[in-house]
Amino acid sequence: MEIAFKIAATIVVAVLIYFEVLFLVTVWRSHVDPKATIGRIVQRLAPDRDFIATRDPNLIYQNGEVVGEVTGRVTIDGNRVEFTELTNTAQLDRDKPFEYQRRKLRIVQIRSSSGMKLGMQGPRENVLGDVVCEVIP
């Protein structure tokens, strides 16, 4: 068993030495750009900026998915939030709470609803108007 271990250790060290020699030969035979090399090393060590998921403050979410867009004015009065207009709400389950910015809201009243609305910004689908919500603690 001891001889097998010594042979395996020798093979591992020999392979490492072989690749180190190849690396050194490549370095010595090529023109190395130190500035670009250090830049590459720093870039690979830098954390990925897309690692943290962020939310758009003009969208509403249910179960982590976008279910609507806030296109009108928002009035926040204590425990009550009123949206002048929400669009693209086809995926919104009106009976379940949704999230807007850092608030969890429940729909209390929808005064108007239309499948499509033409406006200055172009056509908007699944439009809810004058939506009154209450904040869920």
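Cut-offs and rules
- Residues numbered from 1 in each chain as written.
- Predicted model: local features only at pLDDT ≥ 70, side-chain atom pairs only at ≥ 80, totals over all residues.
- Heavy atoms only, no water.
- Pairing = 2+ DSSP bridges.
- Helix = DSSP H or I, 4+ residues; strand = E, 2+ residues; numbered from the N terminus.
- Core = buried A, V, L, I, M, F, W, Y, C linked by side-chain atoms within 4.5 Å.
- Buried < 20%, exposed > 50% of the residue type's maximum accessible area, 1.4 Å probe, protein only.
- Patch = residues over 30% accessible without salt bridge, like charges linked within 9 Å, V, L, I, M, F, W, Y side chains within 5 Å.
- Areas by Shrake-Rupley, 256 points an atom, 1.4 Å probe, with all protein chains shown as cover.
- Salt bridge = Lys/Arg side-chain N within 4 Å of Asp/Glu carboxyl O.
- Expected span 1.5 Å × (residues − 1).
- Phe/Tyr/Trp six-rings, centres within 6.5 Å; stacked < 30°, edge-to-face > 60°.
- Lys NZ or Arg CZ within 6 Å of the ring centre and 35° of its normal.

Topic: the pairing of strand 2 (residues 65-70)
Then comes step 1: Where strand 1 (residues 59-62) meets strand 2, four bridges bridge the pair, whose relative direction is antiparallel. What sits directly across from Ile60, in strand 2, is Gly68.
Then comes step 2: Note that strand 2 and strand 4 (residues 80-87) share two bridges and pair antiparallel. Paired with Glu69 across the bridge in strand 4 is Thr87.

Structural notes on the nonpolar core
Then comes step 1: Formed by 15 residues in total, the largest nonpolar core has its most connected members in Ile60, Phe83, Phe98 and Leu105.
Then comes step 2: For this core, the elements supplying multiple residues, two or more each, are strand 2, strand 4, strand 5 (98-100), strand 6 (103-119) and strand 7 (122-135).
Then comes step 3: The biggest single contributor to this core is strand 7, with four residues.

Description of a nonpolar patch on the surface
Then comes step 1: Nonpolar side chains collect at one region of the surface, where Ile3, Ile7, Ile11, Val15, Tyr18, Phe19 and Leu22 lie side by side and expose about 710 Å² of accessible area between them.
Then comes step 2: With respect to the helices, strands and loops of the structure, Val15 is situated in helix 1 (residues 2-29).
Then comes step 3: Relative accessible area serves as the criterion here: at 39%, Val15 is assigned to the partly exposed category.

Observations concerning helix 2 (residues 34-45)
Then comes step 1: The end-to-end C-alpha separation of helix 2 is 17 Å, in line with the 16 Å expected for twelve residues at 1.5 Å each.
Then comes step 2: Among the twelve residues of helix 2, zero are classified as buried, and the element is accordingly described as predominantly exposed.

Here we look at the packing of aromatic side chains
Then comes step 1: Across all of its chains, the model carries three aromatic pairs by this definition.
Then comes step 2: Where Phe83 meets Phe98, the ring centres are 6.2 Å apart and the plane angle is 45°; that geometry is what we call tilted. Of the two residues, Phe83 sits in strand 4 while Phe98 sits in strand 5, which places them 15 residues apart along the sequence.
Then comes step 3: With relative accessibility at 0%, the residue Phe83 sits in the buried group.
Then comes step 4: Each ring, one from Phe83 and one from Tyr100, has its centre 5.0 Å from the other, and the planes form 85°; the classification is edge-to-face. Of the two residues, Phe83 sits in strand 4 while Tyr100 sits in strand 5, which places them 17 residues apart along the sequence. Residues Phe83 and Tyr100 agree in their burial class; the two are buried.
Then comes step 5: Taking the ring centre of Tyr61 as reference, the NZ or CZ of Arg55 above it sits at 4.3 Å.

Brief notes about unusual backbone geometry
Then comes step 1: The phi angle at Asn88 is positive, at roughly 55°, despite the residue not being glycine.
Then comes step 2: Assignment of secondary structure puts Asn88 in the loop between strand 4 and strand 5.
Then comes step 3: Assessed through its relative accessible area of 39%, Asn88 is described here as partly exposed.
Then comes step 4: A positive phi is found at Asn126, a non-glycine position, where the angle reads about 50°.

Re the pairing of strand 3 (residues 74-77)
Then comes step 1: Across four bridges, the pairing between strand 3 and strand 4 is antiparallel. By the bridge assignment for strand 4, Ile76 is matched with Val81.
Then comes step 2: In this antiparallel pair of consecutive strands, strand 3 and strand 4, the connection spans two residues, and Gly78 shows a positive phi of 65°.

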